[in-house]
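Listed below are the residues making up each chain.
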Amino acid sequence: MSKFKCLICGMTINLESYGLNSNTFIKRNQKDNIINCPFCGVGKIYLGDEKDIYEVDNSNLDTKTLKVLDNAMKFEVFNGEFYEEASKLAKDKAVRELFKDLKNIEFMHARIHKRLGGFENLPKLHKPDYTRHNTDKLLLEEAQKREEHAIAFYKKNSEIVCSDIIRDIFQALSDVEKQHEIITSSHPMKR
Ligand SMILES: [Zn+2]
């Protein structure tokens, strides 16, 4: 297989990495057919080997845009930490594996926002107690809610940011969250 670079997260997709986080995709990558970045989930139009990764000069971003990126980084960490907890709480092995993969993708989204905003560190958040979600069905319902919230966040904030590159990235990430929404809402353990 040829080697790709993800223009959104900057990671390299090769024989070792193409199959990572496969539970988060409706159609999984094949060795000879790469559909999504296995690290951040974006579609293949964002994968290449010649173009440069999407970058912005954060000294040119206005305060509103920086605030949006800060909020985006925080909610992706919040969701990543939810999935980390959910992967420990879930009873079904396939659900645990799905949550683990979702955790990896959401943390990668947080790192993308960190890079765009030029922030020093990922935030340390107060972790809520999720043990009241004591069935896999409740965990999947919570996951679906978070994905819907993420899609709405990217839509609303696309109108606020001052950069077309950031708007493009929000669109790409929102499409990733749409796949997550479909997978969590139609999961067999949810019935
Ligand atoms: Zn990527």
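Conventions used here
Sequence order as written defines the numbering, with residues in each chain counted from 1. Totals for whole chains, interfaces and linings use every residue, but because this is a predicted model, local features are given only for residues with pLDDT of at least 70 and side-chain atom pairs only at 80 or more, for both listing and counting. Strands here are runs of E lasting at least two residues and helices are runs of H or I lasting at least four, both read from the DSSP assignment and numbered beginning at the N terminus. Here the radius of gyration uses the C-alpha set of atoms, whereas the globule reference equals 2.2 Å times the residue count to the power 0.38. Any two strands are treated as partners once DSSP identifies two or more bridges connecting them. A residue's pLDDT is the confidence the predictor assigns to it, expressed on a 0 to 100 scale. Linking buried Ala, Val, Leu, Ile, Met, Phe, Trp, Tyr and Cys residues through C-beta atoms within 7 Å yields a set, and such a set is a nonpolar core. Partly exposed residues are those falling between the two cut-offs: more than 12 but fewer than 20 other C-beta atoms within 10 Å of their own, whereas 20 or more means buried and 12 or fewer means exposed, with C-beta atoms placed from the backbone. Lines fitted to C-alpha atoms define the axes, with helix axes restricted to the stretch in contact, and inter-axis angles between N-to-C directions lie between 0 and 180 degrees. Every angle not falling under 35 degrees, over 145, or within 65 to 115 is termed oblique; those three ranges are roughly parallel, roughly antiparallel and roughly perpendicular. Crossing handedness is read from the near helix: turned anticlockwise from the far helix by less than a right angle, it gives a left-handed crossing, and turned clockwise, a right-handed one. Under the scheme applied here, ten amino acids are nonpolar (Ala, Val, Leu, Ile, Met, Phe, Trp, Tyr, Cys and Pro), four are charged (Asp, Glu, Lys and Arg), and all others, including Gly, are polar. Working definition of a contact: two residues with C-beta atoms, positioned from the backbone, lying within 7 Å.

- Per an unreviewed UniProt entry, the recorded name for the protein chain is Rubrerythrin, and the organism is Gottschalkia purinilytica.

### Remarks on the overall build of the protein chain
Then step 1. Regarding its fold elements, the protein chain presents four helices and three strands.
Then step 2. Listed by position from the N terminus, the elements making up the protein chain come as β-β-β-α-α-α-α.
Then step 3. Against the compact-globule benchmark of 16 Å for 191 residues, the protein chain has a radius of gyration of 16 Å, which places it among compact chains.
Then step 4. For the protein chain, the C-alpha atoms occupy an extent of roughly 45 × 40 × 25 Å along the three principal directions.

### A short note on the sheet that holds strand S3 (residues 47–48)
Then step 1. One open sheet holds the three strands; their spatial order is S2-S1-S3, and the pairing between them is antiparallel. Each edge of the open sheet carries a strand with a single partner, namely strand S2 (12–13) and S3.
Then step 2. In the sheet, strand S1 (residues 4–6) pairs with S3 via two bridges, with the strands oriented antiparallel. Its bridge partner lying in S3, Lys5 is registered against Gly48.

### Comments concerning unusual backbone geometry
Then step 1. Look at Asn21: it is not a glycine, yet its phi comes out positive at around 55°.
Then step 2. For Asn21, the position within the fold is in the loop between S2 and S3.

### A closer look at the confidence of the model for the protein chain
Detail in the predicted coordinates should be disregarded across regions flagged by low pLDDT.
Then step 1. For the protein chain, per-residue confidence averages 95 on the pLDDT scale, and 100% of positions sit at 70 or higher.
Then step 2. Put simply, S3 is where the protein chain has its lowest mean pLDDT, 91, and helix H2 (residues 93–117) is where it has its highest, 98.

### Some remarks on the nonpolar core
Then step 1. Counting residues in each nonpolar core, the largest one holds 45 residues, and the members touching the most others are Cys6, Ile8, Cys9, Cys37, Cys40, Val42 and Ile169.
Then step 2. Residue assignment for this core shows that the elements contributing at least two residues are helix H1 (63–89), H2, helix H3 (136–158) and helix H4 (164–185).
Then step 3. Among the elements that make up this core, the one with the highest residue count is H2 (10 residues).

### Describing the packing of H1 against H2
Then step 1. Closest axis-to-axis distance for the H1/H2 pair is 8 Å, and the angle between their directions is 160°. Relative to H2, H1 is oriented roughly antiparallel. Between H1 and H2 lies a crossing whose hand is left-handed.
Then step 2. Considered class by class, the residues forming the contact of H1 with H2 number 12 nonpolar, six polar and eight charged.

### Brief notes about the environment of Ser17
Then step 1. With respect to the helices and strands, Ser17 occurs in the loop between S2 and S3.
Then step 2. Accessibility expressed as a C-beta count within 10 Å gives 16 for Ser17, which makes it partly exposed.
Then step 3. The spatial distance from the C-alpha of Ser17 to the C-alpha of Ile165 is 26 Å, given a sequence separation of 148 residues.
Then step 4. Setting aside residues no more than four positions away along its own chain, Ser17 makes contact with Thr12 and Pro38.

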